[in-house]
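Residue strings, one per chain:
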Amino acid sequence: NGTIDEQGKVHYGEWKHSGLGEAFEAAVRNPDIINVIDWKPYGPSYGALASFLSTGIKQYGKLVGVFCTQMPPESKPINSTQVLEQTMQTIDDRMLNFKYGKTEAHFYPPMTQTIANKLFEVSDRWDELEHIAGGPRSLESLQTMMSQSDGLTSAVVALEGVVVDQAWTAAPELQGSRIVVANEQLALLQAMCRDAVLTTQSSLGVTSKDIAASMSSFEANHKLLMEGGSVRRLAAKTDVAGISEDPVALDLMHKAEMQWLALKPVLEAIVTGSPATETALRTIVESTASAVESMDSAATYWGTTTRTTTMMTLEILAPVPFTGDWPAGQTMRLAAQLAESLINEEQQILPGYKLKHVFHDDRCDASKNSQIVLAEMSAKDTYIALGGTGCSQACAATASVASSIRLSVPELRVLIRL
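Everything numeric in this text was worked out from a predicted model, so none of it was measured.

**Focus on the overall build of the protein**
Item 1. Broken down by element type, the protein carries eleven helices and eight strands.
Item 2. Residues classed as buried in the protein amount to 36% of the 418 residues present.
Item 3. Contacts in the protein between residues far apart in sequence, at least 24 positions, make up 62% of those at least 6 positions apart.
Item 4. For the protein, the exposed surface amounts to about 23,900 Å²; the carbon and sulfur share of it is 55%.

Quick look at the structure:
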């Protein structure tokens, strides 16, 4: 990485800016002490974290060289508090993205009120759990977290069920169930790691049987994702297809399998009665992190591929006057469909979604218009806006109704050049 010539001049190599390069430079500056370079990705080790120690080598008081050594991976300390804080921040960020959307990261706001309600239930559960996790650490707080985490898990499962069901209804080609199972794999990996650590605390009631059950579920899910099949706990319409024709998915799942095969023997040792030593737990924590990263890549691939190839439908309720005193509905429908087509095709305003107007004849009658709005809103919750109302009396009547049910009324202007 670097050399010192006979005149004491330092010559650097290609890894000058790596951890080894920093260690070399530190020893040149401070040759009489042990210099410590903290853990960071190291290029020659394919980006794996590495730490270095270095000191100067002197001959007759002159610096003639540098001694550097790379620390073994098992010497890297695990800062549990830092990991917890980073995880909490990540969940906070994702919860915010799920609520309000972040299209560049393939996060989209809830497409229906039912999904929004379930999402906010999850958010409320997480807020309760985060408050405990951010407070004083004790055995009692850990027990409280374990009991309340079940509520969070149930809320997440309920949200996933609603999303999969409504997404399948809107677009049957969505891989909703596959995404659910892939996310379940992430939860199982983290649960196995958690339970392995908690087996050291007999008062918490976690046993090796819990780990064994999670391992069995994980391997069954892996087979399902690879080969396809029916998800019995979900509806038949959510069957998972095999991935033999998808080379990208196959590669991602094979990588996830290799990480699992590295983690599995250590977990099996705990299940069969081997002591949960510090070394064993460290291996489990580090191997779980690698397995989660691989499985998350697969889950992200399916999620982003689905969202970028399939547009979800957003409905606009459009009661227009096809008949009555001012039957301008045909022209209004043409203008609305033109705007709808441009928005859906260009994907600039609502990327990942497509608009769909649902037209009804309000006969230019205020009472009929209000009846249509109330009846449609009570029948389903997929409408995101109200548009199309043309007659003044109908607009006035509908305005108060739309306001009371928090239904936006977009303004549509179409310029026709003659």
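Next comes the rest of the account.
**Topic: the sheet that holds strand 6 (residues 312-320)**
Pairing between the strands of a sheet is mediated by backbone hydrogen bonds and can be parallel or antiparallel.
Item 1. Taken in spatial order, the three strands of this open sheet run 7-6-8, and their pairing is parallel. Strands with a single pairing partner mark the edges of an open sheet, and in this sheet they are strand 7 (353-361) and strand 8 (383-386). Averaged over all adjacent pairs, the angle separating strand axes in this sheet is 30°, with direction ignored.
Item 2. With nine bridges connecting them, strand 6 and strand 7 associate as parallel partners.

**Here's the deal with the packing of aromatic side chains**
Item 1. With the rule as written, the count across this model stands at two aromatic pairs.
Item 2. Both rings, one in tyrosine 42 and one in phenylalanine 52, keep their centres 5.1 Å apart while their planes meet at 70°; by these two values the pair is edge-to-face. One end of the pair, tyrosine 42, is in strand 3 (residues 35-42); the other, phenylalanine 52, is in strand 4 (residues 48-59), and ten residues separate them in sequence. For the pair tyrosine 42 and phenylalanine 52, one class covers both residues: buried.

**Focus on the sheet that holds strand 3**
Item 1. Here we have three strands laid out as an open sheet, ordered 3-4-5, and antiparallel in their pairing. At either end of the open sheet lies a strand with only one pairing partner, and these are strand 3 and strand 5 (62-70). In this sheet, adjacent strand axes meet at a mean angle of 30° when their direction is disregarded.
Item 2. Examined bridge by bridge, strand 4 and strand 5 share eight bridges and lie antiparallel to one another. By the bridge assignment, phenylalanine 52 is partnered in strand 5 with glutamine 70.
Item 3. Set on the sheet, helix 1 (residues 19-29) makes contact with strand 3, strand 4 and strand 5; between it and strand 3 the angle comes to about 165°.

**Side note on the state of the cysteines**
Item 1. Tallying each qualifying case throughout the model produces one disulfide.
Item 2. The disulfide that involves cysteine 364 links it to cysteine 391, with 1.8 Å between the sulfurs. Around the S-S axis, the bridge from cysteine 364 to cysteine 391 shows a dihedral of about -115° and counts as left-handed. Taken together, the residues cysteine 364 in the loop between strand 7 and helix 10 (366-379) and cysteine 391 in the loop between strand 8 and helix 11 (392-404) connect sequence positions 27 residues apart. By the burial criterion, cysteine 364 is buried, and cysteine 391 matches it.
Item 3. Cysteine cysteine 395 remains unbridged, with the sulfur of cysteine 391 as its closest cysteine sulfur at 7.4 Å.
Item 4. Given a relative accessible area of 32%, cysteine 395 falls into the partly exposed group.

**Focus: the nonpolar core**
Item 1. Leu189, Leu267, Met295 and Trp302 are the most contacted members of the largest nonpolar core, which totals 33 residues.
Item 2. Elements that contribute at least two residues to this core include exactly helix 5 (176-198), helix 6 (208-227), helix 7 (247-271) and helix 8 (278-309).
Item 3. Broken down by element, this core gets its largest block of residues, nine residues, from helix 7.
Item 4. In contact with leucine 189, not counting residues within four places along its chain, are Phe218, Trp260, Leu263, Thr288, Ala291, Val292 and Met295.

**Digging into the confidence of the model for the protein**
Item 1. Mean pLDDT for the protein: 83, with 88% of residues reaching 70 or above.
Item 2. The weakest mean pLDDT in the protein belongs to strand 1 (residues 2-4) at 55; the strongest belongs to helix 6 at 93.
Item 3. Of the regions scoring below 50 in pLDDT, residues 412-418 engages in four contacts with residues more than four places distant in sequence or in other chains.

**Focus on the pattern of salt bridges**
Item 1. For the structure shown, the criterion picks out eight salt bridges.
Item 2. For lysine 40, the salt bridge is made with glutamate 22, and the minimal N-O distance between the two is 3.1 Å. Of this pair, lysine 40 sits in strand 3 while glutamate 22 is found in helix 1, placing the two residues 18 residues apart along the sequence.
Item 3. Its relative accessible area of 28% is what places glutamate 22 among the partly exposed residues.
Item 4. Across the salt bridge formed by lysine 264 and glutamate 219, the nearest N and O atoms sit 2.7 Å from each other.

**Looking at unusual backbone geometry**
Phi is mostly negative for residues that are not glycine, and the peptide bonds are mostly trans.
Item 1. Of note in the backbone geometry, tyrosine 60 takes a positive phi value of approximately 55° without being a glycine.
Item 2. Take tyrosine 60: it is sitting in the loop between strand 4 and strand 5.
Item 3. Owing to a relative accessible area of 82%, tyrosine 60 belongs among the exposed residues under this scheme.
Item 4. Look at arginine 363: it is not a glycine, yet its phi comes out positive at around 60°.
Item 5. Relative to the elements of secondary structure, arginine 363 occurs in the loop between strand 7 and helix 10.

**Some thoughts on the side chain of threonine 55**
Item 1. Secondary-structure assignment places threonine 55 in strand 4.
Item 2. Polar side-chain contacts of threonine 55 include one of 3.3 Å to the backbone oxygen of proline 31.
Item 3. Once you skip the residues sitting within four places of it in the chain, threonine 55 turns out to touch Ala27, Pro31, Ile33, Ile34, Asn35, Val66 and Phe67.

**A short note on helix 9 (residues 329-346)**
Item 1. Over its 18 residues, helix 9 extends 26 Å from the first C-alpha to the last, a length consistent with the 26 Å expected when each residue adds 1.5 Å.
Item 2. For helix 9, the set of buried residues is Gly329, Ala335, Ala336, Ala339, Glu340 and Asn344. Taken down its axis, helix 9 places every buried residue within 160° of arc, on the same side. Of the residues in helix 9, the exposed ones pointing more than 90 degrees away from the buried face are Thr331, Leu334 and Glu345.
Item 3. Tucked inside the fold, the buried residues of helix 9 contact strand 6 and strand 7.

Conventions adopted
- Residues numbered from 1 in each chain as written.
- Predicted model: local features only at pLDDT ≥ 70, side-chain atom pairs only at ≥ 80, totals over all residues.
- Heavy atoms only, no water.
- Helix = DSSP H or I, 4+ residues; strand = E, 2+ residues; numbered from the N terminus.
- Buried < 20%, exposed > 50% of the residue type's maximum accessible area, 1.4 Å probe, protein only.
- Contact = heavy atoms within 4.5 Å.
- Areas by Shrake-Rupley, 256 points an atom, 1.4 Å probe, with all protein chains shown as cover.
- Pairing = 2+ DSSP bridges.
- Axes fitted to C-alpha atoms, helices over the stretch in contact; angles between N-to-C directions.
- Phe/Tyr/Trp six-rings, centres within 6.5 Å; stacked < 30°, edge-to-face > 60°.
- Disulfide = S-S within 2.5 Å.
- Core = buried A, V, L, I, M, F, W, Y, C linked by side-chain atoms within 4.5 Å.
- pLDDT = per-residue confidence, 0-100.
- Salt bridge = Lys/Arg side-chain N within 4 Å of Asp/Glu carboxyl O.
- Polar contact = N/O pair within 3.5 Å; in protein donor to acceptor, adjacent residues only side chain to side chain.
- Expected span 1.5 Å × (residues − 1).
- Arc of directions from axis to C-beta.

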